[in-house]
Every structure is written in C-alpha cells, then in structure tokens.
Amino acid sequence: MRKTFFILIVLIQVKLFAQVANNCNCCTQNHSAFDFWVGEWNVINSINGTPAGTSVIEKVEDGCAIREYWTSEQAGYTGTSLNFFNTTTGQWEQLWIDNAGAVLKLKGGRTGNRMILISNPIKGADGKTYINQITWTNNTNGSVRQLWEVLRDGQVSSVAFDGIYTKVEKTKNR
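For every chain, the first residue of its written sequence is number 1, and the numbers climb from 1 along that sequence. pLDDT decides what is reported in this predicted model: residues at 70 or higher carry local features, side-chain atom pairs at 80 or more are listed and counted, and totals for whole chains, interfaces and linings draw on all residues regardless. Hydrogens and water molecules were not included; the side-chain quantities draw on all heavy atoms of the structure.

### Some thoughts on the nonpolar core
Counting 22 residues, the largest nonpolar core has Phe-34, Trp-37, Trp-92, Met-115, Trp-136 and Tyr-165 as its most contacted members. In this description a helix means any DSSP run of H or I spanning at least four residues, a strand means any run of E spanning at least two, and both kinds are numbered starting from the N terminus. Elements represented by at least two residues in this core include exactly strand E1 (39–45), strand E2 (51–60), strand E3 (65–72), strand E5 (91–98), strand E6 (103–111), strand E7 (114–118), strand E9 (129–138) and strand E11 (155–167). To define a nonpolar core, start from buried Ala, Val, Leu, Ile, Met, Phe, Trp, Tyr and Cys residues and group those joined through side-chain atoms within 4.5 Å. A simple rule labels every residue: compare its accessible area, found with a 1.4 Å probe on the protein chains alone, to the largest value its type can have, and call it buried under 20%, exposed over 50%, or partly exposed in between.

Listed below in structure tokens is the structure:
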C-alpha cells in the first residue's frame, strides 16, 4: 500500500511539473507580433541623423508583455511603456508614461511588417480633436522605424517623432 501511495504521489508531481513547464499562456503568434521591437537600441532622428536617445525593450511577465525603458538625449527625460496583446479585444495595447507625467494610451495591431497603434480622439488646447498614430516598421536591415503622427480630420497635421532604432552591438569580454 505504501509503495502504491508513493508511486501515485510521484506521478502526480510529474504531471503537475509537466503542466507548469508547458503552460505558456502567451505563446501565440499574436503575442509575438511585436517581438521585432525587443532589444537594446540606439535611436536617431531619421530626418537629420542626430541622436535621439536609447531604448531597452524586453519581454516580461513570462512573455505576456513587452516593457520599454526610454532615455532621451535631452537631459533628464525618460519614459516607459507597457505593451501587450489583449486577448479579450484582440488588439495590441500600449500604456506610455514619462517622468514629466504625460500619459498616452494606444491600441491597434500588426499589418505586414508594421505595428500600428492609435489613441482615442483627444481634444487639444485649441479645441480641435486629434488622434495619435504611432507606426513601428520592422526594416529588412534589422532596424526599426518609429513614426509618431498626429492626425486631425483623418489627415497628418504634424509629426511628433520620427526615429530609427538600431541594435546596440554587444562586445564580448576577453
């Protein structure tokens, strides 16, 4: 009886371990759609090539979210975003907050080699309504272009940011 009980306990533990080891709630194609942005990056302004900042982007929460840590070339300006695929809505969402207290909420999805996220309509100081649209393009050379456009009446009224992310080259210690 003791031997049977021991074998039963071992089998239950093996089954539980296998379930935990194979439990991957966020291992879907949708959850991987923004993985091209994961990495350690130097960012330049695409218009004039001047440094814009650095960004570290990593998968967190067992691959269920992507967290960005932004440090601008402008002294003292930083920000972070949390990005995730919302299985309830079927969309990607981003929540951005910076050390100046600005908050931006976006949602959308991937189309081809681009992730396109937009905000809900926001009323500006001028009383007009606008929408923020940010597009990340996975370039064939391994870089990522981030284009932040401000739309009014469905047309681009301004560009808030246009940057190129290039991977930081890792050096091996000898």
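Having seen it, we continue.
### Here's the deal with unusual backbone geometry
One non-glycine residue with positive phi stands out, namely Asp-62, at about 55°. Counting through the fold element by element, Asp-62 comes out in the loop between E2 and E3. With a relative accessible area of 76%, Asp-62 lands in the exposed category. Despite not being glycine, Asp-153 shows a phi value in the positive range, around 55°. Tracing the backbone shows Asp-153 in the loop between strand E10 (144–152) and E11.

### Concerning the environment of Val-168
Here Val-168 shows up in the segment after E11. Sequence separation between Val-168 and Gly-39 is 129 residues; the distance between their C-alpha atoms is 8.2 Å. In this structure Val-168 touches Glu-40, Trp-41 and Asn-42, once residues within four positions along its chain are discounted. Note on definitions: a residue-residue contact is assigned when non-hydrogen atoms from the two residues lie within 4.5 Å.

### Notes on the confidence of the model for the chain
As a per-residue measure, pLDDT tells how confident the predictor is, with possible values from 0 to 100. With 86% of its residues at a pLDDT of 70 or more, the chain has an overall mean of 90. Contacts for the low-pLDDT stretch residues 16–20, under 50 throughout, to residues beyond four places or in other chains number 0 contacts.

### Some thoughts on the state of the cysteines
Note on disulfides: each one is a pair of cysteine sulfur atoms within 2.5 Å. Per the counting criterion, the structure on display carries 2 disulfides. The disulfide that involves Cys-24 links it to Cys-27, with 1.4 Å between the sulfurs. Taking the sign of the torsion about the S-S bond as the criterion, the disulfide between Cys-24 and Cys-27, at about 65°, is right-handed. Two residues share a disulfide in this structure: Cys-26 and Cys-64, whose sulfurs sit 2.0 Å from each other. Since a negative S-S torsion denotes a left-handed disulfide, the Cys-26-Cys-64 link at about 95° is right-handed. One end of the pair, Cys-26, is in the loop between helix H1 (2–22) and E1; the other, Cys-64, is in the loop between E2 and E3, and 38 residues separate them in sequence.

### Description of the environment of Tyr-130
With respect to the helices and strands, Tyr-130 occurs in strand E9. Taking the C-alpha atoms as reference, Tyr-130 lies 9.0 Å from Ser-119; in sequence the two are 11 residues apart. The residues touching Tyr-130, leaving out its near neighbours within four places in the chain, are Asn-120, Pro-121, Ile-122, Lys-123, Gly-124, Val-150, Leu-151 and Arg-152.

### Side note on the side chain of Gln-94
One can find Gln-94 in strand E5. Since its relative accessible area comes to 5%, Gln-94 is described here as buried. Definition of a polar contact: a pair of N or O atoms within 3.5 Å, with one able to donate and the other able to accept a hydrogen when the atoms are protein atoms, and with sequence-neighbouring residues admitted only if both atoms are side-chain atoms. A distance of 2.7 Å separates a polar atom in the side chain of Gln-94 from a polar atom in the side chain of Asn-83. Residues in contact with Gln-94, not counting those within four places in the same chain, are Trp-37, Ser-81, Leu-82, Asn-83, Leu-104, Lys-105, Leu-106, Leu-117 and Trp-136.

### Here we look at the packing of aromatic side chains
Aromatic rings from Phe, Tyr and Trp, with only the six-membered ring used for Trp, were paired whenever their centres fell within 6.5 Å, and each pair was classed as stacked if the ring planes differed by under 30 degrees, edge-to-face if by over 60, and tilted otherwise. For the coordinates displayed, the defined rule picks out 9 aromatic pairs. Aromatic pair Phe-34 and Trp-37: ring centres 4.9 Å apart, planes at 15°, arrangement stacked. Each member of the pair, Phe-34 as well as Trp-37, carries the same accessibility label: buried. An aromatic cluster is present here, built from Phe-34, Phe-36, Trp-37, Trp-41, Phe-85, Trp-92, Trp-136 and Tyr-165 joined pairwise through their rings.

### As for the side chain of Ser-55
With respect to the secondary-structure elements, Ser-55 resides in strand E2. Here Ser-55 falls in the buried class, since its relative accessible area comes to 1%. A polar side-chain atom of Ser-55 sits 3.3 Å from a polar atom in the side chain of Glu-68. Beyond its immediate stretch of four places on either side in the chain, Ser-55 contacts Gly-39, Glu-40, Trp-41, Val-43, Glu-68, Tyr-69, Trp-70 and Tyr-165.

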